[in-house]
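The primary structure of each chain is shown beneath.
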Amino acid sequence: DLNWIRKLAEGAQLDLKIGFNYGKNSNENFLRGFNASDVQNLERTTNTSANDSGFTFTGKYSTPIVEGHSLVAGWDTGINKRDEDSVQRDRPFPGVFPAVPAFNSNEKFEASVLKLAAFAQDEWNVTPQWSVYLGLRWEGLTTTSEGQSYGEIRNRSSVWSPLMQTLYKFPGRKGEQVRLALTRTYKAPATGQLIPRKFTSVENKPTSPDFRGNPDLQPELATGIDIALEKFWDRGASMSLSASMRRITDYNRRGLQFIDGRWVSLPINDGTANTKSLEFDAKFPVQTFWKEAPPIDFRFNMNRNWSHVDSVPGPNNRLDQQVPFSATLGLDYRMKNGEVTAGGSFSFRSGGLVRTAINQDAYLTAKRDLDLYALWKITPKTQVRITLSNILHPDAVNESSYFDEFGTIRRSNTTPSKMNIRAGLEMKF
């Protein structure tokens, strides 16, 4: 009896997506070192080149099975690879005690992150207003790192996760709904974090350490819950308020270690952390609420984040890369003929003091960005885009401190920035 096979095929839908990426960059750094008497004692030239490539393949199959139920199954797989060459040449000055020892090297590294995930779930329409998704997901990660100075280091990890999502549409209130979801996902380390190539500092201190990667770095695992209240209108207008909570294990951060007589900063796994976030998002054409208004689209996003790292004492022991508060306001003006669109956005990201370790903290300045653009549709398949970004070009000031029973070392870095102008021709075939 093949009726059940025919029933699965009727109304079935299969979606496939394939993606490729490739990037190549090279960099040359020239450094002069000085000793305590401000006498030059070292010249260092470092040439690096790296190739990044990636492939992704995702698919989803859905089909109705019985009334009110649909089977949805899919997969998400991909691989990212990085090949890197590094050549360092030092020229010490004779007769002068060097601040750092001369070190010449010619190294090659390879790193990759392989991801494979598969899931199956039942999408159940309990009532016309209420739907529930129940299922199971498996996700696995394999990281590999290999270089001339060490053998292949391979790490594998996987996790089974129950899937539960629910959507409720309020009766009699068009476009209003609430979502609730339980999540459990991996965050893979970047391939560059797995390569232990060392960047040696001239003045090796806790606030100016050497930098290198960590081939033994494990992925983060986050378990949490999300809830969102959403409102939709005509013409693409929407508004949402969402909140989330996460429990992170094998939290990734940059750690400071004293290795072979030198301070070294490298990515490490550092226990558990808790995060919370609250987000508000709104976008709508102004004419949705004011018919006589010009054709302007309004968008606004605001995000507030909190976190707590268990291995670091407070206060301010949050995730070192987390932005406590951010907001973006944007406007887009559409000409009546529809051929030209212009607009811009202003964004703000807060900074502040963060305790990164038991005896370390850092201070990040707030950041303000202003971007403008103009888009001209020459034909339905050809358009020209001009973008001005980082118009305010503020300097970024970052401070770091290391403190122990002997005192405190502070270091401040100021990084200037410039406005960027970009023009592009986009064509569809």
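All figures in this text were calculated on a predicted structure; none of them were measured in a lab.

A few points about the pairing of strand β12 (residues 262-269)
- Of all the eight residues making up β12, seven are buried; the element is thus mostly covered by neighbouring parts of the structure.
- Pairing of strand β8 (residues 210-211) with β12 involves two bridges; the strand directions are parallel. By the bridge assignment for β12, D210 is matched with V264.
- Here strand β11 (residues 252-259) runs beside β12; their pairing, made up of eight bridges, is antiparallel. Residue G255 lies in a different strand from β12, and its bridge partner there is L266.
- As consecutive antiparallel partners, β11 and β12 are separated by two residues, and within that stretch D260 has a phi angle of approximately 50°, a positive value.

Topic: the nonpolar core
- The biggest cluster of nonpolar side chains holds eleven residues, and these are F109, A111, V113, L141, Y150, V159, Y186, L194, I195, L217 and L221.
- Broken down by secondary-structure element, the contributors of at least two residues to this core are β4 (105-125) and β6 (150-169).
- Sorting elements by how many residues they give to this core places β4 first, with three residues.
- Contacts of V113, omitting those with residues within four sequence positions, involve G78, I79, N80, L141, T142, T143, A188, P189, T191 and L194.
- In terms of nonpolar packing, the next biggest core, distinct from the first, is built from seven residues, A222, I248, A273 and V312 among them.

Topic: the environment of G175
- Tracing the backbone through its elements, the reader meets G175 in the loop between β6 and β7 (176-187).
- Along the chain, G175 and K231 lie 56 residues apart, while their C-alpha atoms are 5.3 Å from each other.
- Excluding its chain neighbours within four sequence positions, the residues that come into contact with G175 are E230, K231 and F232.

A few points about unusual backbone geometry
- Of note, the bond from G314 into P315 is cis; its omega dihedral lies within 30 degrees of zero at 0°.
- Mapped onto the fold, P315 is located in the loop between β14 (296-309) and β15 (325-334).
- Its identity is not glycine, yet D260 carries a phi of approximately 50°, on the positive side.
- Here D260 is to be found in the loop between β11 and β12.
- Here the phi dihedral of H393 falls at roughly 30°; this positive angle occurs in a residue that is not glycine.
- Structurally, H393 can be placed in the loop between β20 (382-389) and β21 (396-404).
- Residue H393 is classed as partly exposed on the basis of its relative accessible area of 40%.

What to know about the packing of aromatic side chains
- All told, the structure shown has eleven aromatic pairs when counted by the stated rule.
- Feature note: the residues W233, F284, F289 and F298 constitute an aromatic cluster, connected by ring pairs.
- Looking at R173, its charged tip hangs above the ring of F170, at a distance of 4.9 Å from the centre.

Considering the pattern of salt bridges
- On inspection of all chains with the given rule, the structure shows 18 salt bridges.
- Between E230 and R179 there is a salt bridge; the shortest N-O distance is 3.0 Å. Of the two residues, E230 sits in strand β9 (residues 220-232) while R179 sits in strand β7, which places them 51 residues apart along the sequence.
- The residue D226 makes a salt bridge to R246 at a minimum N-O spacing of 3.1 Å. Placement of D226 in strand β9 and of R246 in strand β10 (residues 238-249) is noted, with a sequence separation of 20 residues between them.
- Judged by relative accessible area, which is 23%, R246 ranks as partly exposed.
- What emerges from the salt-bridge pattern is a single network uniting D52, R82 and E84.

Concerning the sheet that holds β12
- With mixed pairing, three strands are arranged side by side in an open sheet as β8-β12-β11. Edge positions in the sheet fall to β8 and β11, since each has one partner strand and no second.

Remarks on a nonpolar patch on the surface
- On the surface, W376, I378, L425, M427 and F429 cluster together into a nonpolar patch covering about 640 Å² of accessible area.
- Going through the elements one at a time, β19 (367-379) and β23 (420-427) are the ones with two or more residues in the nonpolar patch.
- Its location among the elements puts F429 in the segment after β23.
- On the basis of relative accessible area, F429 is assigned to the exposed category, the value being 88%.

Comments concerning the sheet that holds strand β22 (residues 407-415)
- The four strands are arranged β17-β18-β21-β22 in an open sheet whose pairing can be described as antiparallel. Strands with a single pairing partner mark the edges of an open sheet, and in this sheet they are β17 (352-357) and β22. For this sheet, the mean angle separating the axes of adjacent strands, direction not counted, is 20°.
- Inspection of the sheet shows β21 paired to β22 by nine bridges, in the antiparallel sense. Bridge assignment links Y402 to a residue of β22, and that residue is I409.

A closer look at the side chain of N155
- Position of N155 among the secondary structure elements: in strand β6.
- Its relative accessible area of 16% is what places N155 among the buried residues.
- There is a polar contact of 3.4 Å between the side chain of N155 and the backbone oxygen of P215.
- Ignoring any residue separated from it by four or fewer positions in sequence, one finds N155 in contact with L141, T142, T143, P215, D216 and Q218.

What counts as what
Residues numbered from 1 in each chain as written. Predicted model: local features only at pLDDT ≥ 70, side-chain atom pairs only at ≥ 80, totals over all residues. Heavy atoms only, no water. Buried < 20%, exposed > 50% of the residue type's maximum accessible area, 1.4 Å probe, protein only. Helix = DSSP H or I, 4+ residues; strand = E, 2+ residues; numbered from the N terminus. Pairing = 2+ DSSP bridges. Core = buried A, V, L, I, M, F, W, Y, C linked by side-chain atoms within 4.5 Å. Contact = heavy atoms within 4.5 Å. Phe/Tyr/Trp six-rings, centres within 6.5 Å; stacked < 30°, edge-to-face > 60°. Lys NZ or Arg CZ within 6 Å of the ring centre and 35° of its normal. Salt bridge = Lys/Arg side-chain N within 4 Å of Asp/Glu carboxyl O. Patch = residues over 30% accessible without salt bridge, like charges linked within 9 Å, V, L, I, M, F, W, Y side chains within 5 Å. Areas by Shrake-Rupley, 256 points an atom, 1.4 Å probe, with all protein chains shown as cover. Axes fitted to C-alpha atoms, helices over the stretch in contact; angles between N-to-C directions. Polar contact = N/O pair within 3.5 Å; in protein donor to acceptor, adjacent residues only side chain to side chain.

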